[in-house]
Every structure is written in C-alpha cells, then in structure tokens.
Amino acid sequence: MRTATTITWEEFLAAGEEWQRWEWVDGEVEFMSPANFRHEAFLIFLAASLAQFCRTHPEWISFTSNCVFTMASGNWRMPDASLVRSARFAGGELPTKADFAPDVAFEIHSPTDSPGRIQRKRKDYQESGVAQVWFDLDRRLVELIYPDRPLQYFEENHTLIIDTVPGFSLDLKQLYSI
C-alpha cells in the first residue's frame, strides 16, 4: 500500500490537461485512458435515462463523468455517471467538487482498465457506502453491488432496479440496443 500524501484542489486541477481525465487515488494522480466511441455512445444513452428519471424524481440529481466525489478514503473519484440525493447539497448549491461520495456510481468497463484498478475503485465505493452499477458492454451484463449485500447480476433482457433509489428502473435491453 502506498503512503498517502496530500494535494490541494488547485494542484489536482493542474495535474493534467483540460482534455484529460484523472483521479486522486492513494496519494497519486491516476490518469484514465480516453474512452472509445462505444463507451461514449452507451454513456449518452445512460445519461439520458438518468436525466429522465431525475425529471420525474426531483429529489435526485444525475451527473456524468467529469464530477469529482470524495471517498471515505480521501480519494477523489469520477464515476462515468452518478446519482445523488439533492438534499445532500446544502442550500441547493452545486459545488466544484463534492466532499462526499455519490449515492449511486455507474461505471462502464473499459478494455484498458486493469483488474487491480477496478478492484481499488470497487473497494473505495464499498467503503464509502455507494451502490455500484458496473456495465460490461462485451458480455452485455450488469453487476449491481450494494455496500451491504451480495452482488447481483442483470442480463440485457432484464430491468435494473436499484431499491435504494425509489422509483428507479432501467430497461437494459433498450440501453444495450446501441
């Protein structure tokens, strides 16, 4: 395990170029590979579904991949998409970065993600009390991981229900139709 060091928000922002994406993990800046077109097309469909849910459930706000959340470990993570209860934002103000983890993190597996990097991210989310939804585009499979329950699998012909988000359902067949 690496020894964690500190970094200021300004130093974090200056760590890369505007077109890059990176996270602060275990005391180091970790750059993420550029997403491929399939990943981005899938993310657009997912973001549209989350936006539609939030329009009918204003107690939730959805975000896409450039929002930074603070994990219980102190790491700064940027899930591909996320859902956060709007009540968590004091006075309705949206900050530059969140000093808390999202309620739900949506991640799309990338071919360049190493197993170790995925496991560290899953552990960060689990220790922060985040429900995790992982999409495998090749296997057309979804893993739903609650911080306090066994893993659940959903195939593309299923509807994803996240019971910690009342009223949320996601038609996976429609989502995987891209």
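Numbers given to residues run from 1 along each chain, matching the order in which its sequence is written. Local features in a predicted model are, by the rule used here, given only for residues with pLDDT of at least 70; side-chain atom pairs are given and counted only at 80 or more, and totals for whole chains, interfaces and linings are based on all residues. Computation of side-chain values covers all heavy atoms of the structure but excludes hydrogens and water.

A. The arrangement of helix α2 (residues 37-56) in detail. For helices the rule is a DSSP run of H or I covering at least 4 residues; for strands it is a run of E covering at least 2, with both sets numbered from the N terminus onward. Here a helix's expected span is defined as the number of its residues, less one, multiplied by 1.5 Å. In this model, α2 (20 residues) spans 29 Å end to end at C-alpha, consistent with the 28 Å of a helix rising 1.5 Å per residue. The cut-offs for exposure are 20% and 50% of the maximum accessible area for each residue type, with area from a 1.4 Å probe on protein chains only; residues under the lower value are buried, those over the upper are exposed, and the others partly exposed. Buried within α2 we find H39, F42, L43, L46, A47, L50, F53 and C54. The arc that holds every buried residue of α2, seen down its axis, measures 140°, which confines them to one face. Structural note: α2 exposes F37, I44, R55 and T56 on the side pointing more than 90 degrees away from its buried face. Only heavy atoms matter for contacts: two residues are in contact if any of them lie within 4.5 Å across the pair. Looking at the packing, one finds that the buried side of α2 touches β3 (60-64), β6 (81-85), β7 (104-108), β8 (131-136), β12 (169-171) and α4 (172-175). In this context, the arc is that of the directions from the helix axis out to the C-beta atoms.

B. Examining the pairing of β6 more closely. With respect to burial, β6 is a largely interior element, four of its five residues being buried. The sheet contact formed by β3 and β6 spans five bridges and is antiparallel. Each bridged residue has a counterpart across the sheet, and for W60 the counterpart in β6 is R85. Should DSSP find at least two bridges between two strands, the strands are regarded as paired. Relative to β7, β6 runs antiparallel, the two sharing three bridges. Bridging across to β7, A81 finds its partner in F106.

C. Quick look at the packing of aromatic side chains. Only rings of Phe, Tyr and Trp enter the pairing, Trp through its six-membered ring, and a pair is recorded when the two centres are within 6.5 Å. The plane angle decides the type: under 30 degrees is stacked, over 60 is edge-to-face, the rest tilted. All chains considered together, the criterion is met by eight aromatic pairs. Ring centres 5.0 Å apart and planes at 65° place the aromatic pair F42 and F135 in the edge-to-face group. With a gap of 93 residues between them, F42 in helix α2 and F135 in strand β8 connect regions that are remote in the sequence. Assigned by exposure class, F42 and F135 land together as buried. Residues F53 and F168 carry aromatic rings whose centres are separated by 5.2 Å and whose planes lie at 80° to one another, so their mutual orientation is edge-to-face. Of the two residues, F53 is situated in helix α2 and F168 in the loop between β11 (159-161) and β12; the sequence distance between them amounts to 115 residues. Owing to a relative accessible area of 3%, F168 belongs among the buried residues under this scheme. Each member of the aromatic cluster is reached from another via a ring pair, and the members are F42, F53, F106, F135, F168 and Y176.

D. The nonpolar core, seen in detail. Here, the term nonpolar core denotes a set of buried Ala, Val, Leu, Ile, Met, Phe, Trp, Tyr and Cys residues that are joined through side-chain atoms within 4.5 Å. Ranked by internal contacts, the top residues of the largest apolar core, which has 28 residues, are L83, F106, F135, L160, I162 and F168. Mapped onto this core, the elements with two or more residues apiece are α2, β6, β7, β8, β9 (141-145) and α4. At six residues, the largest contribution of residues to this core is made by α2. By size, the runner-up hydrophobic cluster in this structure holds 14 residues, among which are F63, M71, F100 and Y125.

Shape is all these values report; function is a separate question.
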